[in-house]
Amino acid sequence: MDRLFSPLQERIDGVVFTRDQFGEEHLTNYGRIHYWKPRFVVKPLTTQDVAETVRFAKEHGLFVSTRGSAHSQSELGISKDGILLDMKSMDRIYEVDHGENLVEVQGGVVWRDLVQHLKRWDLSPRVLTNNLGVTIGGTVSMAGIGVASFKYGSQGDNVHDMEVVTGNGDIVHCSRDENPELFWSVVAGLGQSAILCKANMILRKNKKMCRNYYLLYDDIGKFMTDSEKMMDDGKWDYLESWASPCPQGIKPINGERRVFAKWFYPFHPTVEFDPGEEPNDKEMLEGLDFYDYLYTDDLPTIDFHERMVPVFELWKKAGTWDYMHPWMELVMPWDTAADYINQILPDLPPGLLIGGHILLWPAKGTVSDSKFFMRPEGDNLIGFGILPAVPQRYWDQVRPILDNGSLLGQAMGGKRYLSGYINFTEEEWRMHFGDRWPELVAAKKKYDPECLLNPGFIKYGDALKTEPAGANS
Ligand SMILES: Cc1cc2nc3c(=O)[nH]c(=O)nc-3n(C[C@H](O)[C@H](O)[C@H](O)COP(=O)(O)OP(=O)(O)OC[C@H]3O[C@@H](n4cnc5c(N)ncnc54)[C@H](O)[C@@H]3O)c2cc1C
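About the thresholds
Residues numbered from 1 in each chain as written. Predicted model: local features only at pLDDT ≥ 70, side-chain atom pairs only at ≥ 80, totals over all residues. Heavy atoms only, no water. Helix = DSSP H or I, 4+ residues; strand = E, 2+ residues; numbered from the N terminus. Rg over C-alpha atoms; globule rule 2.2 N^0.38 Å. Buried < 20%, exposed > 50% of the residue type's maximum accessible area, 1.4 Å probe, protein only. Contact = heavy atoms within 4.5 Å. Areas by Shrake-Rupley, 256 points an atom, 1.4 Å probe, with all protein chains shown as cover. Lys, Arg positive; Asp, Glu negative; His and termini not counted. Charge placed at Lys NZ, Arg CZ, Asp CG, Glu CD. Core = buried A, V, L, I, M, F, W, Y, C linked by side-chain atoms within 4.5 Å. Domains from an automatic or database assignment. Buried area = accessible area lost by both parts, 1.4 Å probe. 1 Å grid on protein atoms, 1.4 Å probe; cavity = no way out; pocket = protein on both sides within 12 Å on 5 of 7 lines; lining within 4 Å. Points joined across faces, edges and corners; volume = space filled by probe spheres on them. Nonpolar A, V, L, I, M, F, W, Y, C, P; charged D, E, K, R; others polar. Phe/Tyr/Trp six-rings, centres within 6.5 Å; stacked < 30°, edge-to-face > 60°. Lys NZ or Arg CZ within 6 Å of the ring centre and 35° of its normal. Near = heavy atom within 4 Å. Polar contact = N/O pair within 3.5 Å; in protein donor to acceptor, adjacent residues only side chain to side chain.

A. Geometry of the overall build of the protein chain. When you go through the protein chain residue by residue, the secondary structure sums to 15 helices and 18 strands. Here the C-alpha radius of gyration of the protein chain, 22 Å, is about what a compact globule of 473 residues would show, namely 23 Å. When its C-alpha atoms are laid out on the principal axes, the protein chain stretches across 65 × 60 × 45 Å. Evaluated residue by residue, the protein chain yields a buried proportion of 58% over its 473 residues. Of the contacts made within the protein chain by residues no fewer than 6 positions apart, 72% connect residues no fewer than 24 positions apart. Just so you have it, the protein chain exposes about 19300 Å², and 49% of that area is on carbon and sulfur atoms. When the 50 positive and 68 negative side-chain charges of the protein chain are each reduced to one mean point, those points stand 4 Å apart.

Next up, the structure:
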């Protein structure tokens, strides 16, 4: 038995697992790119448990990494020889404040459980990601982007206030007004400054039904023109889109004969309505320049939130859910997005998308206040992602495609979304955060001066020694 097991277990109400007790799922994450073994897995029950765990780590020279559902990739939600805090044990949903439209939750609550809990009052979180199996702490720490983000920003923007434990082991309450620099260091902060233990999340009243229009575009320019209209005209509640290949045959690509595709852009704008107040389809679609209009789907709003479940079930049945997932996602400037997409897609092997897809999201840059969710300048932005499922034996062939896509996207002004496959050098980390890098470093120094929290992903290099202290500097 590990000599630190009993002293740690005695400090907390939750459960401590040693190396002989936890399973494979704690060695890696959805990416399956890195495999690290923690010394302990801790399932905390309370904020106090989290604080005691951090204090214990500090006393014994251990690192503390945090995980929610471990749906990230790269070196996130895993720990090498340290304590891995498995936050899903902090899964309590407290009172709903109907006056303020807020709900208090623990950081390990899974969004699906919250959505199901709230449906009795026709309340929804303002932004939901495609995958509801992830935790509040996990997505707030990343950003959390969804089909309503063009209106409401990221999930992090929709935190009212929170209770966190810093790398110093302090329990601190923060909001936009109270300890704001800590608040904005936790939002999209990858657990670098503090651990989110409780949050009041902002809700909205939803209508009971959704009408989902299945439009198809054959031209990225027309798709962007219409999506700009839709983001601005105030008629739509959700905007979702993809790029889909239609394989055409085989032609020479980069010196070899390969399958090539014509690319289409399915676009599913959606509007909520209450029964008896159905939207007027002609008015909704007026002035749009789509290539085809395939289908209109009326479904309960709760089913709309869960619309991706059949896709994920298919990936599970096909076995691709268990492959490597080196996802390459970018937020592109509006001006260069079409050129970028037109350069990337023609050479992309359609077979890469078995068990995955190409994400394409019109978004607004102006609706987020998040400091560390890095995005290009500009009112309108496009989220683009190559999301493959890769058998380990093909990784060496796939990696250059993703690396090239990442480099070209950044050269054209894009910013990477950090939940995916990231292999930045120290210099690339600085470039990613740009003007925000000194603030990130300063927050780390202030709230986690011994660098206990979530080491191994962001490469700070010497920055922690040389940058000035004080998160506001
Ligand atoms: C099928 C699928 C679909 C997805 N769709 C979307 C999408 O539509 N939009 C989108 O934005 N993302 C999407 N993602 C990415 C996903 O939302 C992020 O990876 C998210 O961070 C996962 O949350 P998690 O609970 O699994 O967190 P984890 O992966 O476990 O952790 C992510 C990061 O958050 C930190 N963290 C976790 N909990 C806490 C906490 N309580 N306090 C402080 N830090 C914490 C971890 O240390 C880590 O740095 C998708 C992922 C998958 C697999």
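Let's pick the thread back up.
B. Quick peek at the nonpolar core. Counting 73 residues, the largest nonpolar core has M162, L418, W429, F433, W437 and I458 as its most contacted members. With sequence-adjacent residues up to four places away left out, L418 is seen in contact with L76, M142, L190, F424, W429, H432, F433 and F457. Core analysis: the next-biggest nonpolar cluster, separate from the first, contains 45 residues, M230, L239, I341 and L345 among them.

C. Here's a closer look at the domain arrangement of the protein chain. Each assigned domain of the protein chain is listed with its residue range as follows: domain 1 (93–205) and domain 2 (209–416). A separation of 25 Å is found between the C-alpha centroids of domain 1 and domain 2. Counting residues at the interface gives 27 residues for domain 1, matched by 28 residues for domain 2. Taken together, both faces of the contact between domain 1 and domain 2 bury some 2300 Å²; the carbon and sulfur share is 58%. The three residues of domain 1 that bury the most area against domain 2 are N130, V147 and F150, which together make up 33% of that side's buried surface.

D. Expanded view of the layout of surface pockets. Counted as a void, the largest pocket has a volume near 590 Å³. Lining the largest pocket are 25 residues, with P349, L352, Q397, V398 and I401 positioned closest to its centre. Listed by contribution, the elements that provide at least two residues to the lining of the largest pocket are β13 (256–273), α11 (334–344) and α12 (395–411). Per-element tally for the lining of the largest pocket: the top contributor is α12, with seven residues. Considered class by class, the residues forming the lining of the largest pocket number 15 nonpolar, seven polar and three charged. Estimates place the volume of the second largest pocket at around 460 Å³. Contributing to the lining of the second largest pocket are 22 residues, with Y30, S69, H71, K88 and W321 lying nearest its centre. Here the element with the most residues in the lining of the second largest pocket is helix α10 (residues 309–318); it accounts for four residues. For the lining of the second largest pocket, the per-class residue count stands at five nonpolar, eight polar and nine charged. A domain split of the lining of the second largest pocket shows at least three residues from each of domain 1 (93–205) and domain 2 (209–416).

E. Spotlight on the packing of aromatic side chains. Within the structure shown, the criterion is met by 26 aromatic pairs. With a centroid separation of 5.1 Å and 80° between ring planes, the pair formed by W395 and Y421 is classed as edge-to-face. A residue pair is termed long-range when its members are at least 10 positions apart, and W395 in helix α12 and Y421 in the loop between β18 (415–416) and α13 (426–433) qualify at 26 residues. Assessed through its relative accessible area of 7%, W395 is described here as buried. Taken together through their ring pairs, the aromatic side chains of Y213, Y217, F223, W236, Y265, F267, F290 and Y293 make up a single cluster. Sitting over the face of the ring of F260, K251 holds its NZ or CZ atom 4.6 Å from the ring centroid. The ring of W321 carries the charged tip of K316 above its face, separated from the ring centre by 4.7 Å.

F. Region of the structure containing the environment of F5. Summarising the element assignment, F5 is placed in helix α1 (residues 5–11). In this structure the C-alpha to C-alpha distance between F5 and L407, which are 402 residues apart in sequence, comes to 45 Å. Residues contacting F5, with those up to four places away along its chain left out, are V16, T18 and F40.

G. Region of the structure containing the site of the ligand. In the region of the ligand, 33 residues are neighbours, and G68, S72, T135, I145 and Y417 sit closest. The side chain of S141 places a nitrogen or oxygen atom 3.0 Å from a nitrogen atom of the ligand. Protein burial of the ligand: of its 960 Å² of free accessible surface, 98% is covered by the chains. The residue makeup of the shell around the ligand, split by class, is 15 nonpolar, 17 polar and one charged. When residues of the shell around the ligand are assigned to domains, at least three map to each of domain 1 (93–205) and domain 2 (209–416).

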